Structure formats: C-alpha cells, structure tokens
Amino acid sequence: TFSLSLAGFIEEPERKYCFECDSEEQCQEWIEALKRASYEFMRRSLIFYRNEIQKMTGKDPLEQYGISEEARFQLGTHK
C-alpha cells in the first residue's frame, strides 16, 4: 500500500489518494505510471522528440505553431 498527497490544488489542499496493490511488483508499476504521467516527464519527452524530428527533417516542429522559443520547451528550464 502507498499513498499520494497532492499539494497545490486550491479546492482541496489536503487531498490524499491511497493505492492498494496485491504485490510489490504491482506497486512499482503504479509508481512508474505516475512518474510517466508527470509534467516534467512529458516536457522532457517533448524536447527529446522535438530534437529527433529536427535532426531528421532539419526543421523545428514547434516553429509552425510559433512556440519554438518558449522557455518551457528548452532544456534546463522548468515551467
């Protein structure tokens, strides 16, 4: 069993979720899934694939949306 407390929600600042698992393996699967769903994981994935596409095509895929220079899409910066 493990619990997760979410901070920063104005409506429910003390909200807590409890997860029960049948095995240690299942617990680790949940933890990994939650990590993969995080903003930072998604941001890093976007940056990685953006760079891969740019290497393959020579074009920045975010440029067409006018957001290629936004700090949140650069390495080493945070939201």
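About the criteria used
Residues numbered from 1 in each chain as written. Predicted model: local features only at pLDDT ≥ 70, side-chain atom pairs only at ≥ 80, totals over all residues. Heavy atoms only, no water. Salt bridge = Lys/Arg side-chain N within 4 Å of Asp/Glu carboxyl O. Helix = DSSP H or I, 4+ residues; strand = E, 2+ residues; numbered from the N terminus. Buried < 20%, exposed > 50% of the residue type's maximum accessible area, 1.4 Å probe, protein only. Phe/Tyr/Trp six-rings, centres within 6.5 Å; stacked < 30°, edge-to-face > 60°. pLDDT = per-residue confidence, 0-100. Expected span 1.5 Å × (residues − 1). Arc of directions from axis to C-beta.

*Asks:* Tell me what's going on with the pattern of salt bridges, and back it up with residues and numbers.
*Replies:* When charged atoms on two side chains of opposite charge get close, those side chains can pair. This structure, assessed with the given rule, holds 5 salt bridges. Residues Glu52 and Lys55 are paired through a salt bridge, measuring 3.2 Å at the closest nitrogen-oxygen approach. Taken together, the residues span about one helical turn, with Glu52 and Lys55 both in helix α2 (residues 39–57) at a distance of 3 residues. Note on Lys55: relative accessible area 65%, which makes it exposed. Through salt bridges with shared partners, one network takes in Glu40, Arg43 and Arg44.

*Asks:* Explain the packing of aromatic side chains to me, and be specific about the residues and the numbers.
*Replies:* Tallying each qualifying case throughout the model produces 1 aromatic pair. Centre to centre, the rings of Phe48 and Tyr49 are 5.0 Å apart; their planes meet at 80°, and the pair counts as edge-to-face.

*Asks:* Let's hear about the confidence of the model for the protein: which residues, and what values?
*Replies:* Of all residues in the protein, 76% have pLDDT values of 70 or greater, and the mean over the chain is 79. When mean pLDDT is compared element by element in the protein, α2 scores highest at 90, while strand β1 (residues 2–5) scores lowest at 62.

*Asks:* Explain α2 to me, and be specific about the residues and the numbers.
*Replies:* Taking 1.5 Å as the rise per residue, α2 with 19 residues should run 27 Å; its terminal C-alpha atoms sit 27 Å apart, in good agreement. Regarding α2, the residues found buried are Glu40, Arg43, Ile47 and Arg50. For α2, the arc enclosing every buried residue in end-on projection is 90°, short of the 170-degree limit, so these residues lie on one face. Those residues of α2 that are exposed and angled more than 90 degrees off the buried face are Tyr49 and Met56.

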